[in-house]
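Architecture and fold: a report
So the chains spell out like this:
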Amino acid sequence: MALWHASVVTLFPDMFPGPLAHSLAGKGLQKEIWKINTVHIRDFAPDKHRTVDDTSYGHNAGMILKPDVVHSALCHAVEHFPGTPQLLFMTPRGEPFKQPLARQLSQSDGVIILCGHYEGVDERVINHWTRTHGLKEVSVGDYILSGGEVAAITLLDACVRLLPKIVHNEDSLSRESFDLDLLEFPQYTKPCIWQDEVVPEVLLSGDHKKIAAWQKHKAEKITRERRPDLWKLYLQTNG
Ligand code: ADE
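Because the structure is predicted, anything quoted here is derived from the model rather than measured.

**Observations regarding the domain arrangement of the protein chain**
In terms of domains, the protein chain is made up of domain 1 (4-160) and domain 2 (175-238). On a C-alpha basis, the centres of domain 1 and domain 2 stand 36 Å from each other.

What follows is the structure in structure tokens.
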């Protein structure tokens, strides 16, 4: 498979790669396992003032990104994309972002991500790209960020760490089997005693079967207590 590609359509291109230049994603960039570019929406404003937004019909406070400008920026991103992109629009109104979508996107050629700002984007350009290119609206959680950029960084990080050639350390690979069915069990390192708290005895036993059973029990307990929604799903598939 060719290089995984991310193209981010934004008013703030300087926010990229940002945190994605570090850690696993950053190593992936250096090793050319994936690539990121930005498309600056302002470059597609036709007037000399480079206007990207205007007041909203309905007299709501705040400005709306103009459909013609966003459309031109998206056309540019699609024309220059190597392969077949999945188009995404980051918005709190979108489908909640979960691990299965991260996995699916990581197995595609890559993504073009439209980041909204200010009060929003004219609905017609969203409708047009949904109709013509299967644009998907995606939310990273039930809270309002000041723009889609931080949400896009979150989504990209989750996708990139799943790319086939990205090397995880052994520990995270071994935990991968749980994926997101269950929350993580507690983990410990040296020293064995810290602030009067001792590492659970079973972990010192060297009995791998017993350790695995303890970790599963803890993961189940934490999930049941903290995330009844995930627990219900887990019981449906493993119960
Ligand atoms: N833009 C603003 N808030 C957002 C969110 N929660 N998810 C995705 N994009 C956003």
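**Re a nonpolar patch on the surface**
A surface patch of nonpolar side chains, amounting to about 410 Å² of accessible area, comprises Phe12, Met15, Tyr143, Leu145 and Val150. Relative to the helices and strands, Met15 is located in the loop between β1 (4-10) and α1 (23-30).

**Things to note about the site of the ligand**
Thr91, Val140, Gly141, Tyr143 and Leu145 are the nearest of the 13 residues found near the ligand. The backbone of Thr91 places a nitrogen or oxygen atom 3.1 Å from a nitrogen atom of the ligand. The separation between a nitrogen atom of the ligand and a polar main-chain atom of Tyr143 is 2.8 Å. Breaking the shell around the ligand down by element, the ones donating at least two residues are β5 (86-96), β8 (136-139) and α5 (148-160). Looking at the shell around the ligand, the element that brings in the most residues is β5, giving three residues. Considering only residue class, the shell around the ligand consists of eight nonpolar, five polar and no charged.

**Remarks on the packing of helix α7 (residues 208-226) against helix α8 (residues 228-238)**
Taken N-terminus to C-terminus, the directions of α7 and α8 make an angle of 125 degrees; their axes are 6 Å apart at the nearest point. Relative to α8, α7 is oriented oblique. Between α7 and α8, the residues in contact are Lys216, Glu220, Thr223, Arg224 and Arg226 and Pro228, Leu230, Trp231 and Tyr234, respectively. Residues that form the contact of α7 with α8 fall into these classes: four nonpolar, one polar and four charged.

**Thoughts on the environment of Ala77**
Assignment of secondary structure puts Ala77 in helix α2 (residues 67-79). The buried category is assigned to Ala77, whose relative accessible area is 3%. Separated by 39 residues in the primary sequence, Ala77 and Thr38 place their C-alpha atoms 8.5 Å from one another. In contact with Ala77, other than residues within four places in its own chain, are Ser7, Val9, Val39 and Ile112.

**Considering the pairing of β1**
Counted residue by residue, β1 has seven buried out of seven residues, so it is predominantly covered. In β1, alternate side chains face the same way, and those of Trp4, Ala6, Val8 and Thr10 on one face and His5, Ser7 and Val9 on the other are all buried. Across seven bridges, β1 lies against strand β2 (residues 34-40) in parallel orientation. Each bridged residue has a counterpart across the sheet, and for Thr10 the counterpart in β2 is His40.

**Structural notes on the nonpolar core**
One finds Trp4, Trp34, Ile36, Val111, Ile113, Leu155 and Leu156 to be the most contacted residues of the largest nonpolar core, which totals 30 residues. Elements supplying a minimum of two residues to this core: β1, β2, β5, α3 (99-106), β6 (110-115) and α5. The element contributing the most residues to this core is α5, with eight residues. Core analysis: the next-biggest nonpolar cluster, separate from the first, contains 22 residues, Leu74, Ile112, Leu114 and Val125 among them.

Thresholds applied
- Residues numbered from 1 in each chain as written.
- Predicted model: local features only at pLDDT ≥ 70, side-chain atom pairs only at ≥ 80, totals over all residues.
- Heavy atoms only, no water.
- Domains from an automatic or database assignment.
- Patch = residues over 30% accessible without salt bridge, like charges linked within 9 Å, V, L, I, M, F, W, Y side chains within 5 Å.
- Areas by Shrake-Rupley, 256 points an atom, 1.4 Å probe, with all protein chains shown as cover.
- Salt bridge = Lys/Arg side-chain N within 4 Å of Asp/Glu carboxyl O.
- Helix = DSSP H or I, 4+ residues; strand = E, 2+ residues; numbered from the N terminus.
- Near = heavy atom within 4 Å.
- Polar contact = N/O pair within 3.5 Å; in protein donor to acceptor, adjacent residues only side chain to side chain.
- Nonpolar A, V, L, I, M, F, W, Y, C, P; charged D, E, K, R; others polar.
- Axes fitted to C-alpha atoms, helices over the stretch in contact; angles between N-to-C directions.
- Parallel < 35°, antiparallel > 145°, perpendicular 65-115°, else oblique.
- Contact = heavy atoms within 4.5 Å.
- Buried < 20%, exposed > 50% of the residue type's maximum accessible area, 1.4 Å probe, protein only.
- Pairing = 2+ DSSP bridges.
- Core = buried A, V, L, I, M, F, W, Y, C linked by side-chain atoms within 4.5 Å.

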